[in-house]
Amino acid sequence: MNKKRLQTLSIGFQHVLAMYAGAVVVPLIVGGALALTFEQLTYLISIDLLACGVATLLQVWRNKFFGIGLPVMLGCTFTAVGPMIAIGSQHGISAIYGAILVSGLFVVLISKYFSKLVRFFPPVVTGSVVMIIGLTLVPVAFNDMAGGEGSADFGNPANLLLAFGVLVFILLLNKFAKGFLRTISILIGLVAGTVAAALMGMVDISEVGDASWFHSIHPFYFGAPTFNISAILTMTLVAIVSLIESTGVYLALGDITNREVSGKDLEKGYRAEGLAIVLGGIFNAFPYTAYSQNVGLVQLTGVKTKQAIFAAGSILVVLGFLPKIAAITTLIPTAVLGGASLAMFGMVIAYGIKMLSQVDFESQGNLLTVACSVGMGLGVTAVPEIFANLPESIRILTDSGIVAGSLTAIVLNVLFNVIPVRSERSIQRQIREEQAS
């Protein structure tokens, strides 16, 4: 292997490391919450790595129909974690994949028109939605920090020591480490926490030895998908938020690579993302979005070519066929995962706040939009039985705090920010017509 190819491969591997924690933590959290078996969890992690690789290659491969052709990595979106756990707990795992399939097809169909719909999803809406999602995830992290909901050792001091130790370690890395080490602080924290847990006798490696080295992929591994309207609405909203997040990544990468990102480029980028989500539904993986952490790596390394991303996507595909690697990942104790999750889920909330920082809060309408949508989302999450006596056709919109909060944000944004603009324009048009006559 010549020097140039070796450098490309090493940079590609760095991209894999930068997104690896996100790629494996999502299946670990969702699988743990849904009480999957070791074999099922191993498959879930493996197929997720494989699907991340395929999704990335689809996006980098620029052609007539899909692919934005920028050095972008795709991974499972954290905004989908809470909704998937809620759907799986209420309607079963098959409903998760039915909803993912439909949301992916929806993204493919609207990709051509989405740039025109963005006006209905300004920062006051998307920031509120992301905040709601992050806030509903925090209890999941706290349950994991205690050892996992329903576990025999729930709240054991050893679990709390591990969880808060990992959290502090990650914070210290972000304070004192620089460059790439800071980028993979979550991954380092998970490894360090697992090693500490092993020294405390809290890691069992026996099942790893039973895992095979290679496996084949199985479409609809968890059974035929089922289609629940509430679940579909939830995952469609998640997909829309992910598209908006991806738009920022595309524009940032266009700026870094000195390439103008046209509307046609965005359309093909959205379509590739939709195809990736559909693949996630078929192979029982997850919905995918552009990973912003890899944008920082492009900026950090100065390597702006697609070859490194092709290498990264290929590495992920290879890892996806190696269940032994996925089995090693399952060794991470729940408490260790909880400590890292608190940092990550807190970042989801912080990112929502960052998005809201672009909002003009001198406007009373914007204040009310955020207040009522976040309040509705948290209220329904905390007291889900409040709408139990409503007709089922209405409960479709109220069963999920994320759906209820998101729809509240969309409706209030239209009320306060869209309708007044239209009224002002019509008045101005009327004045011009009167002056002309």
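Everything discussed here concerns the structure shown above.
To keep things clear, this report deals only with the structure shown in the data block. These figures come from a predicted structure and were not determined experimentally.

Overview of the overall build of the protein
Here comes step 1: Scanning the protein for helices and strands turns up 19 helices and two strands.
Here comes step 2: When burial is assessed residue by residue, the protein has 53% of its 437 residues classed as buried.
Here comes step 3: Intrachain contacts of the protein at a sequence separation of at least 6 include 84% that bridge at least 24 residues.
Here comes step 4: Accessible area for the protein stands at about 19500 Å²; split by element, carbon and sulfur atoms hold 65% of it.

Details of empty space enclosed by the protein
Take a probe with the size of a water molecule and roll it over the atoms, and the empty space left behind shows itself.
Here comes step 1: Under the criterion given, the structure shown has one cavity of 30 Å³ or more.
Here comes step 2: Roughly 40 Å³ of volume is contained in the largest cavity.
Here comes step 3: The wall of the largest cavity is formed by F121, V125, T126, V129, L237, I240, V241 and I410.
Here comes step 4: Among the residues making up the lining of the largest cavity, the classes are represented as seven nonpolar, one polar and no charged.

Remarks on the nonpolar core
Most often, soluble globular proteins keep nonpolar side chains buried together rather than apart.
Here comes step 1: Judged by nonpolar contacts, the single largest core of 113 residues is most densely connected at F78, V81, M84 and Y288.
Here comes step 2: Counting residues per element, this core draws most heavily on helix α11 (residues 229-256), at 13 residues.
Here comes step 3: Setting aside chain neighbours within four positions, we find Y288 in contact with D48, A51, C52, A55, L74, G75, C76, E273, A276, I277 and G280.

Some thoughts on helix α4 (residues 93-110)
The periodicity of an α-helix, 3.6 residues per turn, causes residues three or four positions apart to be oriented the same way.
Here comes step 1: With 18 residues, α4 extends 26 Å from end C-alpha to end C-alpha; this agrees with the ideal 26 Å at 1.5 Å per step.
Here comes step 2: S94, A95, I96, Y97, G98, A99, I100, L101, S103, G104, V107 and I110 are the residues of α4 that are buried.

Structural notes on a nonpolar patch on the surface
Here comes step 1: Taken together, the side chains of L368, L415, F416 and I419 present a nonpolar region at the surface, about 310 Å² in accessible area.
Here comes step 2: Looking at which element gives the most residues to the nonpolar patch, the answer is helix α19 (residues 401-436), with three residues.
Here comes step 3: With respect to the helices, strands and loops of the structure, L368 is situated in helix α17 (residues 364-382).

Focus on unusual backbone geometry
Here comes step 1: Phi is positive for A35, which is not a glycine, with a value near 55°.
Here comes step 2: Positionally, A35 belongs in the loop between α1 (3-33) and α2 (38-60).
Here comes step 3: According to the relative accessible area criterion, A35 is exposed, its value standing at 63%.
Here comes step 4: Even without being glycine, N284 reaches a positive phi, approximately 60°.
Here comes step 5: By the element assignment, N284 lies in the loop between α12 (263-282) and β2 (288-290).

As for the packing of helix α6 (residues 123-145) against α17
Here comes step 1: Their axes nearest at 10 Å, the elements α6 and α17 cross at an angle of 25°. One finds that α6 runs roughly parallel with respect to α17. Pair α6 / α17 crosses with right-handed handedness. Taken together, the residues of α17 that come into contact with α6 (itself represented by V124, S128, I132, L135 and T136) are N366, T369, V370, S373, V374, G377, L378 and T381.
Here comes step 2: A class-by-class count of the residues in the contact of α6 with α17 yields six nonpolar, seven polar and no charged.

Considerations on the state of the cysteines
Here comes step 1: Applying the stated rule across the entire model yields zero disulfides.
Here comes step 2: There is no disulfide at C52, and the cysteine sulfur nearest it, in C76, is 4.9 Å away.
Here comes step 3: Classification of C52 as buried rests on a relative accessible area of 0%.

Looking at the environment of K112
Here comes step 1: Tracing the backbone through its elements, the reader meets K112 in the loop between α4 and α5 (114-117).
Here comes step 2: Once the C-alpha coordinates of K112 and R271 are considered, the two residues, 159 residues apart in sequence, prove to be 8.1 Å apart.
Here comes step 3: In this structure, K112 is in contact with E267 and R271, ignoring residues within four places of it in sequence.

Reading the values: the criteria
- Residues numbered from 1 in each chain as written.
- Predicted model: local features only at pLDDT ≥ 70, side-chain atom pairs only at ≥ 80, totals over all residues.
- Heavy atoms only, no water.
- Helix = DSSP H or I, 4+ residues; strand = E, 2+ residues; numbered from the N terminus.
- Buried < 20%, exposed > 50% of the residue type's maximum accessible area, 1.4 Å probe, protein only.
- Contact = heavy atoms within 4.5 Å.
- Areas by Shrake-Rupley, 256 points an atom, 1.4 Å probe, with all protein chains shown as cover.
- 1 Å grid on protein atoms, 1.4 Å probe; cavity = no way out; pocket = protein on both sides within 12 Å on 5 of 7 lines; lining within 4 Å.
- Points joined across faces, edges and corners; volume = space filled by probe spheres on them.
- Nonpolar A, V, L, I, M, F, W, Y, C, P; charged D, E, K, R; others polar.
- Core = buried A, V, L, I, M, F, W, Y, C linked by side-chain atoms within 4.5 Å.
- Expected span 1.5 Å × (residues − 1).
- Patch = residues over 30% accessible without salt bridge, like charges linked within 9 Å, V, L, I, M, F, W, Y side chains within 5 Å.
- Salt bridge = Lys/Arg side-chain N within 4 Å of Asp/Glu carboxyl O.
- Axes fitted to C-alpha atoms, helices over the stretch in contact; angles between N-to-C directions.
- Parallel < 35°, antiparallel > 145°, perpendicular 65-115°, else oblique.
- Left-handed = near helix turned anticlockwise from the far one by under 90°.
- Disulfide = S-S within 2.5 Å.

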